[in-house]
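# Structural overview
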Amino acid sequence: MAENEYVIEMLHITKKFPGIIANDDITLQLKKGEIHALLGENGAGKSTLMSVLFGLYQPEEGIIKKNGEVVKINSPNDATALHIGMVHQHFKLVDVFTVLDNIILGAEDTKLGFLQKKTAREKVEQLSKKYGLYVDLDAKVENITVGMQQRTEILKMLYRDNEILIFDEPTAVLTPQEIDELMVIMKNLAAEGKSILFISHKLNEIMAVADRVTVLRKGKYIGTVNTKDTNKQELSNMMVGRPVQLQVVKDEAKPGEVVLKLENFSVPSEIHKGNAVKNVSFDVRRGEILCIAGIDGNGQTEFIHGLSGLSKSSGKIILCGEDISGYSIRRRGKNMSHIPEDRHKHGLILDFTLEENLVLQRFRESPFQKGGFIDRAEVRKYAERLIEQYDVRSGQGPITQARSMSGGNQQKAIIARELDRNKDLVVAVQPTRGLDVGAIEYIHSQLVQERDEGKGILLVSLELDEVLSLSDRILVMYEGEIVGEFLSKDVTAQELGLYMSGAKRMGELEMEKVEEAELKAAENTEKGGNEDA
Amino acid sequence: MPKTDKNGLMKSEKQSSKTLLASLISILIGLIFGAITVWIVGSLSPDISAKDTGDGVKLILMGLFSTGRSGGALTFGFNPVNFGNMLFRATPIILTGLSIAVANQTGLFNIGASGQYLVGTCASLYIALSIPSDKVHPVLIWLIAFAVSMVAGALWGAIPGMLKAFLNINEVIACIMCNWIAANIVTWIFDASNLKNTAEGTKTAYIYKTTYNNVATSKMGLDKIFPGSQVNGGIIIAILICIAMWVVMSKTTFGYQLKACGANRYAAKYAGIADKRNIILSMAIAGALSSAAGALYYLAGNTEFYWSTYQSLPAAGFSGIAVALLAVNNPIGVIFAGSFMSMLTVCGTQLTYLTPFNEYITDVIIAVIVYISAFSLIIKMLLNRKKEKEYDKRDGGELKTDKETPAKAERKEA
């Protein structure tokens with residue numbers, strides 16, 4: 001029978017919460033040995049659906065079948081008994097335990113009350129060999145990389161003989177190399193007969209690894225398609241519900257005068273002694289998006305901290321003709337706005353309301369401040385304007401606690417606050433990290449708009465796609481030094497990768513030529529434009 | 001967006017009334033627990049009659065209104081002495097409570113209120129007794145003493161603040177150490193001074209009352225409302241300070257900065273707010289408030305200060321923690337929480353006078369209230385956290401906006 005084709009079927013699942021239908025008549029069928037992606041924006045109901053499968057929620061309607069038989073999953077224990085396992089986005093590991101201890105935790109083999117670690121070790125070693133999951137069994141979790149932590153989580157599932165593996169946004173925390181490794185592992189697992197549910201909103205990964213995709217939108221089932229028969233554009237349209245611009249739309253850059261000039265800029269490391277940023281010099285011009293690309297941990301964080309004034313730096317920072325290197329953070333903000341890397345740590349005060357967050361730098365300015373008092377009515381008016389203009393959605397408008405907002409809207413709030421300050425230089429660090437396609441499209445278009453208004457944009461990004469599609473000029477940072485400079489239209493991802501990993505390096509003269517070329521190109525287009533007119 | 005506006009307002013009102021309710025419930029449970037304790041102790045002890053037990057329970061609940069006994073039965077009514085004494089004793093713990101509440105609002109735990117209280121006491125007494133009142137007007141001496149004590153307290157409070165800001169030393173540890181340093185310094189200063197009470201030969205290690213130098217807090221007419229009690233204008237000053245702090249914390253840019261640093265030091269710094277300066281200022285303000293508590297208590301004129309304090313710290317500093325907890329760190333709430341705590345003290349005195357019980361029973365009540373209010377905070381925190389989790393699950397942040405409504409309507413139609 002065809003029924004046996006599916007190892008898990010979730011049929012017509014409806015799950016309601018007060019005021020919202022989180023899952024509305026959703027059907028998901030998982031074949032044995034396939035990788036099935038579950039795609040949807042933040043808040044589409046992916047997590048709710050998986051929580052239903054994992055026994056955390058009980059659906060109002062619908063049934064779950066395993067191998068064609070109806071099953072009732074009332075708790076995670078039931079799910080475990082049915083060999084359903086889940087790797088959560090945030091790992092659930094005990095930091096001070098070893099990898100092996102973490103793997104066997106909760107499923108320990110005992111003899112007369114004594115742990116049988118030897119047999120456990122053999123089983124884990126066998127599994128890790130079989131699926132190519134390299135881990136150091138005796139290392140403590142707190143000392144290993146994020147990628148290895150994830151492999152530990154996967155081994156945990158395999159150790160429990162799980163057949164259905166749920167991966168909840170597994171790539172969000174990984175580096176590009178680790179993502180590639182994970183893709184290989186997932187394919188191995190599927191080849192060995194495991195069935196995988198892969199929750200994601202990253203289209204590249206889904207196209208690379210999944211056999212089929214089920215798309216959800218706002219709690220509704222949109223459809224299931226074979227990845228062979230579809231493409232990224234179609235999937236993103238299904239996910240967002242309207243045609244989405246995957247490519248950033250922008251005209252040629254028209255670089256103008258220099259807005260930020262760095263000379264021999266060095267910043268001490270936050271981890272070791274010595275400098276994390278070494279003698280960096282470059283310009284950011286009006287009307288261009290300059291991107292600093294590089295693999296995480298090559299000095300980008302220190303660079304930004306040094307530029308913003310969070311940490312000490314040496315060398316000159318000339319912003320709008322003024323050397324700001326000795327200035328306080330507040331005085332540096334006079335001509336610079338800033339979208340920070342870590343929106344929870346540096347971007348927002350989560351326990352404050354949205355409106356209080358929106359005036360975080362401006363509360364001293366008129367009209368928000370009158371004689372030392374905060375004019376709440378003005379703050380409210382301002383917040384309402386920004387919320388409207390930048391489409392920041394929240395439960396209660398201006399007085400929503402920042403903590404209760406979704407990640408995308410928190411980021412939109414920061415963008416609204418920073419761009420509305422209307423400064424000559426916009427520094428954006430990883431501005432789209434963890435956001436879904438719709439929000440990314442929006443943020444990219446906002447940055448391009450700022451550029452077209454004649455501002456200088458300094459972008460720091462780890463995602464190559466973003467680097468290539470958004471920026472006009474690219475600097476590659478490797479171990480705190482600028483090792484290459486490119487115009488984004490002239491370079492490929494592979495080429496960039498060579499510089500990012502330190503395999504190639506450009507001379508200074510060569511780099512200077514790139515900026516000249518950009519200026520010349522801009523001049524030419526302008527001339528061309530004039531002639532046409 | 002008028003709609004969300006209204007919703008929001010309703011929600012925040014609901015939230016604050018919930019908080020008030022939580023405090024009232026913990027008070028009620030504390031009182032009931034105290035009454036039960038009295039009843040159990042009374043029933044089990046062969047020396048205490050059933051009538052005395054009943055009287056004890058009554059005094060626990062209504063001791064403030066006790067007017068003594070007539071013909072063997074307790075009488076109740078308005079008792080100006082009790083009321084006045086309640087206000088007098090409330091004055092210092094309102095201010096230490098305020099000190100701790102303000103520090104808490106800025107993310108700091110000021111357990112150093114006792115030491116700051118001692119510093120304030122020392123500074124105010126020293127000045128009030130050493131400037132001769134035949135040369136300087138006593139009111140001026142009072143004002144100088146009060147002002148100097150607040151400055152001294154601010155400097156003393158700033159020490160743990162600086163340790164935290166510059167060296168990242170936890171303020172709790174620094175505060176506890178500062179407490180004992182203050183106790184020893186104060187003892188040493190008075191040891192070396194000539195302010196020891198030599199007029200009453202039976203008293204050792206006591207300082208002169210400030211009335212010895214004709215300095216005393218003005219009564220501000222309160223002695224006419226509550227005749228026969230110790231009350232003075234200090235309570236009015238304390239209430240005014242509370243109101244002023246409420247305005248500063250919730251209405252000014254200065255308060256906004258302090259709270260921003262407390263809630264997220266890194267984000268505040270990133271936004272160009274001087275985080276180190278604000279941490280030091282928070283602690284300095286807390287220190288000044290605790291010192292004001294000590295000054296107002298001892299400048300009353302009729303209070304005696306036992307200067308050998310190196311063995312124990314004044315209780316006012318720790319009662320302040322209970323007051324702040326009960327008031328949920330609200331500067332206005334502190335006035336009522338402090339008054340309630342001192343009412344319990346008055347009830348305890350009545351208990352000692354009129355029944356075989358002693359005043360320590362009221363400590364049981366305070367302890368229960370502290371536990372319950374701490375619990376209610378924890379429970380509230382847990383509830384919020386649970387809500388947040390649900391929020392995450394369904395990403396509820398986006399649900400209630402006007403823009404979603406058409407989608408919902410669509411869903412219903414379908």
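Treat the numbers as computed from the prediction; the structure is a model and nothing was measured.

What counts and what doesn't
- Residues numbered from 1 in each chain as written.
- Chains lettered and ligands numbered in written order.
- Predicted model: local features only at pLDDT ≥ 70, side-chain atom pairs only at ≥ 80, totals over all residues.
- Heavy atoms only, no water.
- Helix = DSSP H or I, 4+ residues; strand = E, 2+ residues; numbered from the N terminus.
- Rg over C-alpha atoms; globule rule 2.2 N^0.38 Å.
- Buried < 20%, exposed > 50% of the residue type's maximum accessible area, 1.4 Å probe, protein only.
- Contact = heavy atoms within 4.5 Å.
- Areas by Shrake-Rupley, 256 points an atom, 1.4 Å probe, with all protein chains shown as cover.
- Lys, Arg positive; Asp, Glu negative; His and termini not counted.
- Charge placed at Lys NZ, Arg CZ, Asp CG, Glu CD.
- Pairing = 2+ DSSP bridges.
- Axes fitted to C-alpha atoms, helices over the stretch in contact; angles between N-to-C directions.
- 1 Å grid on protein atoms, 1.4 Å probe; cavity = no way out; pocket = protein on both sides within 12 Å on 5 of 7 lines; lining within 4 Å.
- Points joined across faces, edges and corners; volume = space filled by probe spheres on them.
- Nonpolar A, V, L, I, M, F, W, Y, C, P; charged D, E, K, R; others polar.
- Phe/Tyr/Trp six-rings, centres within 6.5 Å; stacked < 30°, edge-to-face > 60°.
- Lys NZ or Arg CZ within 6 Å of the ring centre and 35° of its normal.
- Core = buried A, V, L, I, M, F, W, Y, C linked by side-chain atoms within 4.5 Å.
- Expected span 1.5 Å × (residues − 1).
- Bend = angle between axes of the 7 residues up to and from the residue.
- Patch = residues over 30% accessible without salt bridge, like charges linked within 9 Å, V, L, I, M, F, W, Y side chains within 5 Å.
- Salt bridge = Lys/Arg side-chain N within 4 Å of Asp/Glu carboxyl O.
- Polar contact = N/O pair within 3.5 Å; in protein donor to acceptor, adjacent residues only side chain to side chain.
- Parallel < 35°, antiparallel > 145°, perpendicular 65-115°, else oblique.
- Left-handed = near helix turned anticlockwise from the far one by under 90°.
- Domains from an automatic or database assignment.
- Buried area = accessible area lost by both parts, 1.4 Å probe.

Assigned secondary structure in chain A consists of 18 helices and 24 strands. For a compact globule of 533 residues, the expected C-alpha radius of gyration is about 24 Å, and chain A comes in at 26 Å, within 12% of that figure. Considered along the principal axes of its C-alpha atoms, chain A spans approximately 75 × 55 × 50 Å. Here chain A, with 533 residues, has 54% of them falling under the buried criterion. Counted over contacts in chain A with a minimum sequence separation of 6, partners at least 24 positions apart contribute 67%. A total of about 23,100 Å² of accessible surface is found on chain A, and carbon and sulfur atoms cover 48% of it. Distance from the positive charge centre (68 side chains) to the negative charge centre (82 side chains) of chain A: 3 Å.

This part takes up the overall build of chain B. Of the regular secondary structure elements, chain B holds 15 helices and two strands. Out of the 414 residues in chain B, the part that is buried amounts to 50%. Intrachain contacts of chain B at a sequence separation of at least 6 include 73% that bridge at least 24 residues. If you sum the accessible surface of chain B, you get close to 19,100 Å²; carbon and sulfur atoms cover 66% of it.

Residue and element names in this part refer to chain A. Strand order in the open sheet made by the six strands is S18-S21-S22-S15-S23-S24, with mixed pairing throughout. Here the strands that pair on one side only, and so sit at the sheet edges, are strand S18 (336-339) and strand S24 (481-487). Mean inter-strand twist for the sheet, computed between neighbouring axes without regard to direction, equals 20°. As defined by bridge partners, strand S21 (residues 425-429) adjoins strand S22 (residues 456-461) across five bridges and the pair is classed as parallel.

Moving on to empty space enclosed by the protein. Residues and elements named next belong to chain A. Within the structure shown, the criterion is met by five cavities of 30 Å³ or more. Empty space within the second largest cavity amounts to approximately 60 Å³. Per-element tally for the lining of the second largest cavity: the top contributor is helix H9 (residues 300-308), with three residues. Counted by class, the lining of the second largest cavity contains four nonpolar, three polar and two charged residues.

Turning our eyes to something else, we now look at the packing of aromatic side chains. Enumeration over the complete set of coordinates arrives at 17 aromatic pairs over all chains. With a centroid separation of 6.4 Å and an interplanar angle of 10°, the aromatic rings of B:Phe83 and B:Phe226 are classed as stacked. In this pair, B:Phe83 sits in helix H3 (residues 80-105) while B:Phe226 sits in the loop between helix H7 (222-225) and helix H8 (234-251), placing the two residues 143 residues apart along the sequence. Taken individually, B:Phe83 and B:Phe226 each receive the classification buried, so the pair is uniform in this respect. Positioned above the aromatic ring of A:Tyr327 is the side chain of A:Arg331, whose terminal nitrogen or guanidinium carbon lies 3.9 Å from the ring centre. Here A:Lys412 stacks its cationic end above the ring of A:Tyr442, 5.1 Å away from the centre of that ring.

Glancing now at the nonpolar core. Counting residues in each nonpolar core, the largest one holds 88 residues, and the members touching the most others are A:Leu260, A:Phe282, A:Phe303, A:Leu307, A:Leu425 and A:Leu458. Top element by residues in this core is helix H13 (residues 376-390) of chain A. It accounts for six residues. Once residues lying within four places of it in the same chain are set aside, the contact partners of A:Leu307 are A:Leu260, A:Leu262, A:Phe265, A:Ile317, A:Arg332, A:Met336, A:Val427 and A:Leu458. Counting residues in each nonpolar core, the second largest holds 82 residues, with B:Ala205, B:Met245, B:Ile285 and B:Leu313 among its members.

Moving on to helix H5 (residues 138-167) of chain B. The end-to-end C-alpha distance of H5(B), which contains 30 residues, comes to 43 Å, matching closely the 44 Å that a straight helix rising 1.5 Å per residue would cover. At B:Ile159, H5(B) shows its maximal kink, close to 30°; a proline, B:Pro160, follows between one and four residues later.

On to a nonpolar patch on the surface, then. A cluster of nonpolar side chains, B:Leu28, B:Ile32, B:Ile36, B:Trp39, B:Ile40 and B:Leu44, forms an exposed patch at the surface whose accessible area comes to about 640 Å². Looking at the element boundaries, B:Ile40 is found in helix H1 (residues 2-44).

Our focus in this paragraph is the pattern of salt bridges. Residues and elements named next belong to chain A. Here the structure, examined in full by the defined rule, presents 40 salt bridges over all chains. Asp375 serves as the salt-bridge partner of Lys370, at 2.7 Å between the closest nitrogen and oxygen. In this structure, Arg421 and Glu418 form a salt bridge, with 2.7 Å as the shortest nitrogen-oxygen distance. Grouping residues by exposure puts Arg421 and Glu418 together as buried. A cluster of three or more residues bridged by salt bridges with shared partners is formed by Arg362, Glu365, Arg385 and Asp420.

To continue, consider the pairing of strand S12 (residues 220-226) of chain A. Residues and elements named next belong to chain A. Pairing between strand S11 (residues 212-217) and S12: six bridges, direction antiparallel. Each bridged residue has a counterpart across the sheet, and for Val215 the counterpart in S12 is Gly223. What sits between S11 and S12 in their antiparallel hairpin is a turn of two residues, with Lys218 showing a positive phi close to 45°.

Residue and element names in this part refer to chain B. Along the chain, Asp275 falls in helix H11 (residues 275-298). In this structure Asp275 comes out as buried when scored by relative accessible area, which is 7%. There is a polar contact of 3.0 Å between the side chain of Asp275 and the side chain of Arg265. Excluding residues within four positions of it along the chain, Asp275 makes contact with Cys261, Arg265 and Lys269.

As a further point, take the sheet that holds strand S13 (residues 258-268) of chain A. Residues and elements named next belong to chain A. Pairing is antiparallel in the open sheet, where four strands are placed in the order S14-S13-S16-S17. Here the strands that pair on one side only, and so sit at the sheet edges, are strand S14 (275-285) and strand S17 (322-323). By the bridge criterion, two bridges tie strand S16 (residues 314-319) to S17 in an arrangement that is antiparallel. Counted as the bridge partner of Ile318 is Asp323 from S17. Sheet contacts for H9: S13, S14 and S16; angle to S13, the most-contacted strand, approximately 115°.

Our focus in this paragraph is the packing of H3(B) against helix H13 (residues 331-354) of chain B. Packed helices, taken two at a time, are described by the angle between their axes plus the distance between the axes. Residues and elements named next belong to chain B. Two elements in contact, H3 and H13, have axes whose closest approach is 7 Å; the angle formed by their N-to-C orientations is 140°. Classed by the angle they form, the pair H3 and H13 counts as oblique. Viewed along their axes, H3 and H13 form a crossing whose handedness is right-handed. Between H3, through Asn82, Asn85, Met86, Arg89, Ala90, Ile93, Ile94, Gly97, Leu98, Ala101 and Gln105, and H13, the contact on the second element is made entirely by Pro331, Val334, Ile335, Gly338, Ser339, Met341, Ser342, Met343, Thr345, Val346 and Gln350. Counted by class, the contact of H3 with H13 contains twelve nonpolar, nine polar and one charged residues.

Residues and elements named next belong to chain B. Domain boundaries in chain B define domain 1 (25-78 + 356-396) and domain 2 (82-343). Relative placement of domain 1 and domain 2: their C-alpha centres are 28 Å apart. Taken together, the 14 residues of domain 1 in the interface contact eleven residues of domain 2. In this assembly, domain 1 packs against domain 2 so that about 1,100 Å² is buried in total across both faces, 85% of it on carbon and sulfur atoms. It is Ile27, Leu64 and Phe78 that lose the most area in domain 1 upon contact with domain 2, and together they represent 45% of the buried surface on that side. Inspection of the region where domain 1 meets domain 2 yields zero salt bridges. Scanning the region where domain 1 abuts domain 2 turns up three residue pairs in polar contact (both at pLDDT 80 or more). Of all the secondary structure elements, the ones that give two or more residues to the side of domain 1 that touches domain 2 are H1 and helix H14 (361-394). Per-element accounting of the side of domain 1 that touches domain 2 gives the leading share, six residues, to H14.

All names here are of chain A. Backbone torsion omega between Ser366 and Pro367 reads 5°, so that peptide bond is classified as cis. Note that Pro367 resides in the loop between helix H12 (354-358) and strand S19 (369-370). Not every positive phi belongs to a glycine, and Cys320 is a case in point at roughly 55°. Following the sequence through the fold, Cys320 ends up in the loop between S16 and S17. When its relative accessible area of 30% is taken as the criterion, Cys320 is described as partly exposed.

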